[in-house]
Amino acid sequence: MTSATQILLIGAGELGTAFLPHLSALPHTHTTVGVRTPEKYSHLSSCTVSVVPLDISGPSEALSQSFSNYDIVISATGFGQSSGTLLKLAKEILNAGLLRRNTNQSRLWFFPWQWGVDYDITGDGQGLMPLFGEQAAVRNLLRAEATQNNIKWTVVSTGIFMSFLFEQFWGVVVREGGGITVRALRNWDHGITVTDVSDIGKILAQIVAGGFDAENTVVYAAGDTVTYKELADIVERAAGQPVEREEWTIPYLEAELAKDPDDQIKKYRLVFARDGVCWDKSGTVNYKHSIPVIDVDTYARKLF
Ligand SMILES: NC(=O)c1ccc[n+]([C@@H]2O[C@H](COP(=O)([O-])OP(=O)(O)OC[C@H]3O[C@@H](n4cnc5c(N)ncnc54)[C@H](OP(=O)(O)O)[C@@H]3O)[C@@H](O)[C@H]2O)c1
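Residues numbered from 1 in each chain as written. Predicted model: local features only at pLDDT ≥ 70, side-chain atom pairs only at ≥ 80, totals over all residues. Heavy atoms only, no water.

1. Let's talk about the packing of aromatic side chains
- Taken as a whole and judged by the stated rule, the model has 15 aromatic pairs.
- Each ring, one from Tyr-268 and one from Phe-272, has its centre 5.0 Å from the other, and the planes form 50 degrees; the classification is tilted. Of the two residues, Tyr-268 and Phe-272 both sit in helix H10 (residues 264-272), four residues apart, roughly one turn of that helix.
- Overall, the relative accessible area of 14% leaves Tyr-268 in the buried class. (Phe/Tyr/Trp six-rings, centres within 6.5 Å; stacked < 30°, edge-to-face > 60°. Helix = DSSP H or I, 4+ residues; strand = E, 2+ residues; numbered from the N terminus. Buried < 20%, exposed > 50% of the residue type's maximum accessible area, 1.4 Å probe, protein only.)

Here is the structure:
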């Protein structure tokens, strides 16, 4: 009997927790969850899941050594990492691949934290989002060095999490008093791709299971891609009441940011008003492989 495929899942927040049931259901696998405070996550342990202490801000040599013990490393550590952490992790993974080669082990499969927009297009958001720029740099590093370092990689572009679209602080779907306002970023025809975190886990598990070719490439997923007009119509139907419609054009978003140049959410909104944040559903892996996912209409009906 061959030994179980060893998966390291780094992080068990909103995303990692949603991944876990899908990963742990895969046959002949064992998932190790690496977090800084394992005692917070003891409830996740089972016969196919262990929780271990791991801090990706630690020294690189030890981390590479540790990563080399796994066949697959999936990053779900969230956005709150300090500058340089994502590139550091990618470099450690590259070294882990070499360590595995030295001991005649197969390639390490890496899923970097890219569960978001198309960072090849957004770049660093014209200087507004250095983190997005770093994510584009991770892609370029993997493209250039993965093969020679005994690494294979998959980037899964998911758009924003479905939950995020409806967050009050995001300011796109806002409930105040008894009323609801829906705001378009850029204009009503501009689009946004969103995927529910559990569906991201479902798609990830199918990729890990070898359901389709995703080697050394960016694959696109989408629970849905909607224009802001479609979003407003969906919310109106789900809530059973008319919504206020407000357009936040790029000049408006720029002027708002100029008032508070350090406001992260204002920067984020401006970047989301530009390109690289939506793609056609027909080109996604979930569409092509008939993986059922929640669309915005279904999600909104549960919310309102
Ligand atoms: N695509 C998107 O829509 C998008 C993009 C950006 C942000 N967001 C928002 O940001 C949040 C993202 O959720 P998430 O699951 O990615 O993150 P999260 O809920 O903040 O969870 C992060 C996880 O990583 C672990 N972690 C953090 N630093 C670590 C380190 N140095 N070493 C090892 N583990 C570490 C944390 O555990 P410990 O603290 O125990 O280590 C935690 O389990 C959501 O609220 C989402 O709405 C979404």
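Anyway, onward from the coordinates.
2. Looking at the side chain of Thr-154
- Positionally, Thr-154 belongs in strand E6 (residues 151-157).
- Judged by its relative accessible area of 0%, Thr-154 falls in the buried class.
- Side chain to side chain, Thr-154 and Trp-109 meet in a polar contact 2.9 Å long. (Polar contact = N/O pair within 3.5 Å; in protein donor to acceptor, adjacent residues only side chain to side chain.)

3. What about the sheet that holds strand E1 (residues 5-10)?
- Pairing is parallel across the open sheet formed by seven strands, whose spatial order is E3-E2-E1-E4-E5-E6-E11. Only two strands of the sheet have a single partner each, and these edge strands are strand E3 (49-53) and strand E11 (217-220). Averaged over all neighbouring strand pairs, the angle between strand axes comes to 20 degrees, with direction disregarded.
- Inspection of the sheet shows E1 paired to strand E2 (residues 29-35) by six bridges, in the parallel sense. The residue bridging Ile-7 from the neighbouring strand is Thr-31, located in E2.
- Relative to the sheet, helix H3 (residues 85-102) contacts E1, strand E4 (72-75), strand E5 (108-111) and E6, its axis offset from that of E5 by approximately 170 degrees. (Pairing = 2+ DSSP bridges. Axes fitted to C-alpha atoms, helices over the stretch in contact; angles between N-to-C directions. Contact = heavy atoms within 4.5 Å.)

4. Quick look at the site of the ligand
- As a structural note, the neighbourhood of the ligand is formed by 26 residues, with Ala-12, Leu-15, Thr-37, Tyr-41 and Phe-161 the closest of them.
- Within the side chain of Tyr-41, one N or O atom sits 2.7 Å away from an oxygen atom of the ligand.
- In this structure, Trp-115 approaches the ligand through a main-chain N or O atom, which is 2.8 Å from a nitrogen atom.
- For the ligand, the protein covers 83% of the area, taking 920 Å² as the surface of the free molecule.
- Its residues placed into classes, the shell around the ligand shows 14 nonpolar, eight polar and four charged.
- Taken domain by domain, the makeup of the shell around the ligand includes at least three residues from each of domain 1 (5-157) and domain 2 (161-193 + 224-278 + 290-303). (Near = heavy atom within 4 Å. Areas by Shrake-Rupley, 256 points an atom, 1.4 Å probe, with all protein chains shown as cover. Nonpolar A, V, L, I, M, F, W, Y, C, P; charged D, E, K, R; others polar. Domains from an automatic or database assignment.)

5. Considerations on the pattern of salt bridges
- If you walk through the whole model with that rule in mind, you get 18 salt bridges.
- Residue Arg-100 pairs with Asp-71 through a salt bridge whose shortest N-O separation is 3.0 Å. One end of the pair, Arg-100, is in helix H3; the other, Asp-71, is in the loop between helix H2 (60-67) and E4, with 29 residues separating them in the sequence.
- Here Asp-297 ties to Arg-301 by a salt bridge, and the two come within 2.9 Å at their closest N and O atoms. With a gap of four residues between them, Asp-297 and Arg-301 both fall in helix H12 (residues 296-303), about one helical turn apart.
- It is possible to trace a salt-bridge network through shared partners that takes in Asp-118, Asp-120, Arg-139 and Arg-143. (Salt bridge = Lys/Arg side-chain N within 4 Å of Asp/Glu carboxyl O.)

6. Looking at the pairing of strand E10 (residues 191-195)
- With respect to burial, E10 is a largely interior element, five of its five residues being buried.
- Burial of E10 is two-sided: the residues Gly-191, Thr-193 and Thr-195 facing one way and the residues Ile-192 and Val-194 facing the other way are all buried.
- Where E10 meets strand E12 (residues 224-227), four bridges bridge the pair, whose relative direction is antiparallel. Among the inter-strand pairings, Ile-192 is bridged to a residue of E12, identified as Val-226.

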